[in-house]
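# Inside the fold
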Amino acid sequence: MKQLTNSASSLYSLADYIDDPYESISIDLLQHFLRALDYSAIVSITDRDGVITYVNEQFVRISGYERSELIGQKHNVVRHPDMSLRVFEQLWQTISNRKPWRGLIKNLRKDGSAYYVKSVILPVLDDNGEITQFLSIRNDVTDIIEVRHQLREQLTDDLTGLPNRMALLNELKECKVGAAAVFDLRNFKLFNDYWGIDIGDVYIRKLGEQFKLLEQSYEVKVYRLNGACFAIRPRQRLQKHEFCLMVEQVKYELEHKDILFNDIDCDIQLTVGIGISPSRALAYAESAVADSKAKFYGRAVVIKDGSDSGDNAFCWVEEIKEALRDGRLLAFFQKMCSAKDPGTGNDKYEALARIKLRNGRVVSPLEFLDHLKKTRYYAELTKEMVVRALEFAGHNRCKVSVNLCIQDILDTDTVAFIEQQLLHYGGQRIIFEITESEAVNDFARVSEFIDRVRTFGATIAIDDFGSGYSNFVYLVQLKPEYIKIDGSIISGIVDNEQSYLVTKSIVDMARNLNIKTIAEFVSSHAILERLRLLNVDFLQGFYLHRPELS
């Protein structure tokens, strides 16, 4: 390749300076290539000392400099101060040895803003193999680099510079190490309240530095989750006992260090939980920390591996939260048959919530409701079931009952949502079952709720009637249209004379008060016939109809 000069205004002229090294390659082909390069890339040419002799229009546009401001200068006119001098030393060493250099360079525009170019620098040789010039071809990758920086910022904790919770979740999913440990600094709230947030932030940064120092020796990666809560994961898969032993050692080493700053001597006391699971290691570790605090005052390292997840409140809440998000809440409907005229159109249905777990198993609220009621997700479940019940009732032109507990009725947001749905769908086909098994602390609020939904045509049923002494208070205060006799009474009505007499007295009392009765847990023909003799109005149970998915 002959020497390239700055006599041309575009790369069209470069073809005039190229000798065809192979007879089979045409000058026309090279001209087309160079013209395409001129349009698509950022191109510059320098002499052997690095002085710019040519720049194309793309270079002018991205740098913000005029061509006259660039010609005769070296490339450090656009060098960004963030770039290490070591990079350029390696660059010059490579091209001086007549080899091409490839790499990413951060440059500085004339207006002071940065841009990134993926660069190839080629030495141009004369007939004797001596370097005469350098050809630089660059592609603008600023958008790509900025997106990467944004993603990195989203995965980095601002205070400590450590990866954050989102980063840990992503990496646990990618690395498949199946283990994580959470370290929560004990009594940090007291420290923060006494010394103030600014000093508390210094404490967290210093603690993060101590964690970071252990990364290499223990072959772990450290994360800050929130507050004074950190986490680690192994860099490679370990046996359960190996990881647990390592976590104990990390805890011991950290707790035998002191953090000293501003004349404040801070001792480190950590509550630690370990989670072992292919997909839920962090959830189990956080649950283990909560258990350590609740049961062992934070002193014991608790390990959870999912074997006790059926009894684990945290895991159930996480499971239900994901099920609600993923649309795995299922609405089943079970028929309440008219005892006198079954199948004549007087039948009603009860809406029953079910959750489909990730493993495909369908579970009833009995397994998770007590845990869920302590979270905001319980209200989401109630709202969704109210909508499903109203839609089913409208589509099938029948009455449907939906269960509410006192927590629902006392939640102003849930009540407002229910009223909005009744206004939209109408309330004539909906029955609200108020669960008897929970204590009512505010009869005035409950009575107010009942009065308001009745203005939309909705009716009320008392669920589990007969299971406690408070039922008669309900009956006087709430004046329900229906009472559902508790299943524990109905199941013994054939063999237990006391159950039979209790049922009879409830039916007689309800009839005198003009209240319809519903017997649930009808599981056999014998129970069915005995209930009919007692003139129960509606019957519900597996013997008559198994719940069906809408």
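The coordinates are above.
Figured I'd write up the structure that's included with this text. Quantities reported herein were computed from a predicted structural model and do not represent experimental measurements.

Reading the values: rules and limits
- Residues numbered from 1 in each chain as written.
- Predicted model: local features only at pLDDT ≥ 70, side-chain atom pairs only at ≥ 80, totals over all residues.
- Heavy atoms only, no water.
- Helix = DSSP H or I, 4+ residues; strand = E, 2+ residues; numbered from the N terminus.
- Buried < 20%, exposed > 50% of the residue type's maximum accessible area, 1.4 Å probe, protein only.
- Contact = heavy atoms within 4.5 Å.
- Areas by Shrake-Rupley, 256 points an atom, 1.4 Å probe, with all protein chains shown as cover.
- Core = buried A, V, L, I, M, F, W, Y, C linked by side-chain atoms within 4.5 Å.
- Salt bridge = Lys/Arg side-chain N within 4 Å of Asp/Glu carboxyl O.
- Pairing = 2+ DSSP bridges.
- Polar contact = N/O pair within 3.5 Å; in protein donor to acceptor, adjacent residues only side chain to side chain.
- Expected span 1.5 Å × (residues − 1).
- Arc of directions from axis to C-beta.
- Phe/Tyr/Trp six-rings, centres within 6.5 Å; stacked < 30°, edge-to-face > 60°.
- Axes fitted to C-alpha atoms, helices over the stretch in contact; angles between N-to-C directions.
- 1 Å grid on protein atoms, 1.4 Å probe; cavity = no way out; pocket = protein on both sides within 12 Å on 5 of 7 lines; lining within 4 Å.
- Points joined across faces, edges and corners; volume = space filled by probe spheres on them.
- Nonpolar A, V, L, I, M, F, W, Y, C, P; charged D, E, K, R; others polar.

On to the overall build of the protein. Helix and strand counts for the protein stand at 21 helices and 22 strands. Taking all 550 residues of the protein together, the buried fraction comes to 49%. Once local pairs closer than 6 in sequence are excluded, the contacts in the protein between residues at least 24 apart make up 60%. Total accessible area computed for the protein in this model is approximately 28900 Å², and 50% of it derives from carbon and sulfur atoms.

Let us now look at the nonpolar core. Formed by 66 residues in total, the largest nonpolar core has its most connected members in Val400, Phe432 and Leu531. Leu185, Ile204, Ala228 and Ile232 belong to the second largest nonpolar core, which has 36 residues in total.

Scanning all chains against the criterion turns up 34 salt bridges. As a salt-bridge pair, Arg86 and Glu89 come within 3.6 Å of each other at their nearest N and O atoms. Linking Arg86 with Glu89, this pair stays in helix α4 (residues 85–96), spanning 3 residues, or about one helical turn. Accessibility expressed as a relative area gives 47% for Glu89, which makes it partly exposed. For Asp508, the salt bridge is made with Lys504, and the minimal N-O distance between the two is 3.1 Å. Of the two residues, Asp508 and Lys504 both sit in helix α20 (residues 497–512), 4 residues apart, roughly one turn of that helix. Under the relative-accessibility criterion, Asp508 is labelled partly exposed at 27%. In this structure, a network of salt bridges that share partners links the residues Arg280, Glu319, Glu322, Arg325, Asp326, Arg328 and Arg358.

On to the pairing of strand β1 (residues 42–47). For β1, the tally of buried residues reaches 5 of 6 residues, placing the bulk of the element in the interior. Pairing between β1 and strand β5 (residues 131–140): 6 bridges, direction antiparallel. Residue pairing in the sheet places Ile45 in a bridge with Leu135 of β5.

Moving on, we come to the side chain of Arg233. One can find Arg233 in strand β8 (residues 229–234). Here Glu171 takes part through its side chain, which lies 3.0 Å from a polar atom of the side chain of Arg233. If sequence neighbours within four positions are ignored, Arg233 has contacts with Leu168, Glu171, Leu172, Cys175, Val177, Ala179, Val220, Lys221 and Tyr223.

The end-to-end C-alpha separation of helix α10 (residues 240–255) is 23 Å, in line with the 22 Å expected for 16 residues at 1.5 Å each. Inspection of α10 places Phe243, Cys244, Met246, Val247, Val250, Lys251 and Leu254 among the buried residues, and these make up the whole buried set. Seen end-on, α10 carries its buried residues on one side only, within an arc spanning 160 degrees. Residues His241, Leu245 and Tyr252 are exposed on α10 and point more than 90 degrees away from its buried face.

Considering all chains together, one arrives at 13 aromatic pairs under this definition. Ring geometry for Tyr203 versus Phe261: centroids 6.4 Å apart, planes at 45 degrees, classification tilted. Note that Tyr203 is positioned in helix α8 (residues 197–213) and Phe261 in strand β9 (residues 258–261), a separation of 58 residues in sequence. Per residue, the accessibility class of Tyr203 equals that of Phe261, and both read buried. Ring geometry for Phe333 versus Phe392: centroids 3.8 Å apart, planes at 10 degrees, classification stacked. Remark: Phe392 occurs in helix α14 (residues 377–396) and Phe333 occurs in strand β13 (residues 329–338); sequence separation between them is 59 residues.

Of note in the backbone geometry, Arg397 takes a positive phi value of approximately 50 degrees without being a glycine. Along the chain, Arg397 turns up in the loop between α14 and β16 (399–404). Phi at Phe521 is positive, roughly 65 degrees, even though this residue is not glycine. Relative to the assigned elements, Phe521 resides in the loop between β20 (516–519) and α21 (525–533).

The next subject is α21. Count 3.6 residues to each turn of an α-helix, and residues three or four apart come out pointing the same way. Those residues of α21 that fall on the buried side of the exposure criterion are Ile527, Leu528 and Leu531. Along the long axis of α21, the arc covered by the buried residues comes to 100 degrees, so they all point the same way.

Reading across the sheet, the 5 strands line up as β7-β8-β6-β11-β12 and stay open at both edges, with mixed pairing between neighbours. Whereas interior strands pair on both sides, the edge strands pair on one side only; in this sheet they are β7 (220–226) and β12 (302–304). Within this sheet the neighbouring strands show an average axis-to-axis angle of 20 degrees, counted without direction. Sheet analysis places strand β6 (residues 179–185) next to β8, joined by 4 bridges and oriented antiparallel.

Moving on, we come to the layout of surface pockets. There is about 1000 Å³ of room inside the largest pocket. Listed by contribution, the elements that provide at least two residues to the lining of the largest pocket are β14 (348–356), α13 (369–372), α14, β16, β17 (430–435) and β18 (459–465). Among the elements that take part in the lining of the largest pocket, β14 stands out by supplying 5 residues, more than any other. For the lining of the largest pocket, the per-class residue count stands at 16 nonpolar, 9 polar and 11 charged. The volume enclosed by the second largest pocket comes to roughly 570 Å³. Along its surface, the second largest pocket is lined by 21 residues, and Leu169, Lys173, Ser279, Arg280 and Glu322 are the ones closest to its centre. Broken down by secondary-structure element, the contributors of at least two residues to the lining of the second largest pocket are α6 (165–175), α11 (281–296) and α12 (313–326). Split into classes, the residues belonging to the lining of the second largest pocket amount to 7 nonpolar, 4 polar and 10 charged.

Moving on, we come to the sheet that holds β1. Strand order in the open sheet formed by 5 strands is β2-β1-β5-β4-β3, with antiparallel pairing between adjacent strands. Here the strands that pair on one side only, and so sit at the sheet edges, are β2 (52–55) and β3 (101–108). Taken pair by pair, the neighbouring strands of this sheet meet at an average axis angle of 30 degrees, ignoring direction.

Glancing now at the pairing of β7. Moving residue by residue along a regular strand, the side chains alternate between the two faces of the sheet. Burial runs high along β7: 6 of the 7 residues are buried. Relative to β8, β7 is paired through 6 bridges, and the arrangement is antiparallel. Counterpart to Val220 in the pairing with β8 is Pro234. Hairpin connection of β7 to β8: 2 residues between the antiparallel strands, including Gly227 at a positive phi of 50 degrees.

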